[in-house]
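Examining the three-dimensional arrangement
Residue-level listing of the chains:
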Amino acid sequence: MPEVHFNVRWPDHSEQSCYSPSTVIHDFLRAGESYPLAEFLTLSRDALTLAGDRVEQKYGFRCTSADSQLLALETRGRQFAGQADARVTVTRVGAATPAPSSTDSSMTNKESS
């Protein structure tokens, strides 16, 4: 199955590199779109659950990376749950592998200019 890497920017402007084991993520998230936090988490949950299901159907076992990625997104999202206007921006969705120094759930802080 073709894997897809996608990047998100959280309300505090930190960025996170993410992983999906399936291209189904393209059906749920769009690069350049900003989503209210709850919607982003619902879309991510639906997409990564379906991606894990597809792996299980094809290979006979769930993709633990999809499950781990979902847990990482939900954990990070809880930090912004009290912010009524919290939004998450998807900055990239693509099949290209991220830079070698990046990991599936790595986060970096971008300085505001």
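Residues numbered from 1 in each chain as written. Predicted model: local features only at pLDDT ≥ 70, side-chain atom pairs only at ≥ 80, totals over all residues. Heavy atoms only, no water.

A few points about the confidence of the model for the protein chain
Per-residue confidence for the protein chain gives a mean pLDDT of 86; residues scoring 70 or more make up 82%. The weakest mean pLDDT in the protein chain belongs to strand β5 (residues 107-109) at 42; the strongest belongs to strand β3 (residues 34-36) at 98. (pLDDT = per-residue confidence, 0-100. Helix = DSSP H or I, 4+ residues; strand = E, 2+ residues; numbered from the N terminus.)

A short note on the nonpolar core
F6, V8, W10, L29, F40 and L73 are the most contacted members of the largest nonpolar core, which totals 21 residues. Among the elements of the structure, β1 (4-9), α1 (37-59), α2 (64-78) and β4 (87-94) are those that each provide at least two residues to this core. With sequence-adjacent residues up to four places away left out, L29 is seen in contact with F6, Y35, F40, L43, S44, V90 and V93. (Core = buried A, V, L, I, M, F, W, Y, C linked by side-chain atoms within 4.5 Å. Buried < 20%, exposed > 50% of the residue type's maximum accessible area, 1.4 Å probe, protein only. Contact = heavy atoms within 4.5 Å.)

Some remarks on the packing of aromatic side chains
Per the counting criterion, the structure on display carries 3 aromatic pairs. When the ring of W10 is compared with that of F40, the centres are 5.7 Å apart and the planes differ by 90 degrees; the resulting orientation is edge-to-face. Of this pair, W10 sits in the loop between β1 and β2 (14-20) while F40 sits in helix α1, and the two are 30 residues apart along the sequence. Both residues of the pair, W10 and F40, count as buried. An aromatic cluster is built from W10, F40 and F80, whose rings are joined through pairwise contacts. (Phe/Tyr/Trp six-rings, centres within 6.5 Å; stacked < 30°, edge-to-face > 60°.)

Side note on the pattern of salt bridges
A complete count under the given rule lists 6 salt bridges for this structure. Note that R76 and D12 form a salt bridge whose closest N and O atoms lie 2.7 Å from each other. Of this pair, R76 sits in helix α2 while D12 sits in the loop between β1 and β2, and the two are 64 residues apart along the sequence. When its relative accessible area of 8% is taken as the criterion, R76 is described as buried. (Salt bridge = Lys/Arg side-chain N within 4 Å of Asp/Glu carboxyl O.)

Some thoughts on the pairing of β1
Counting buried positions along β1 yields 5 of 6 residues, so the element is predominantly enclosed. Looking at chain direction, β1 and β2 are connected through 6 bridges and run antiparallel. Its bridge partner lying in β2, H5 is registered against Y19. The antiparallel hairpin formed by β1 and β2 contains 4 residues in its connecting segment, where H13 sits at a positive phi of about 75 degrees. Bridge analysis of β1 against β4 gives 5 bridges, and the strand direction is antiparallel. Counted as the bridge partner of R9 is T89 from β4. (Pairing = 2+ DSSP bridges.)

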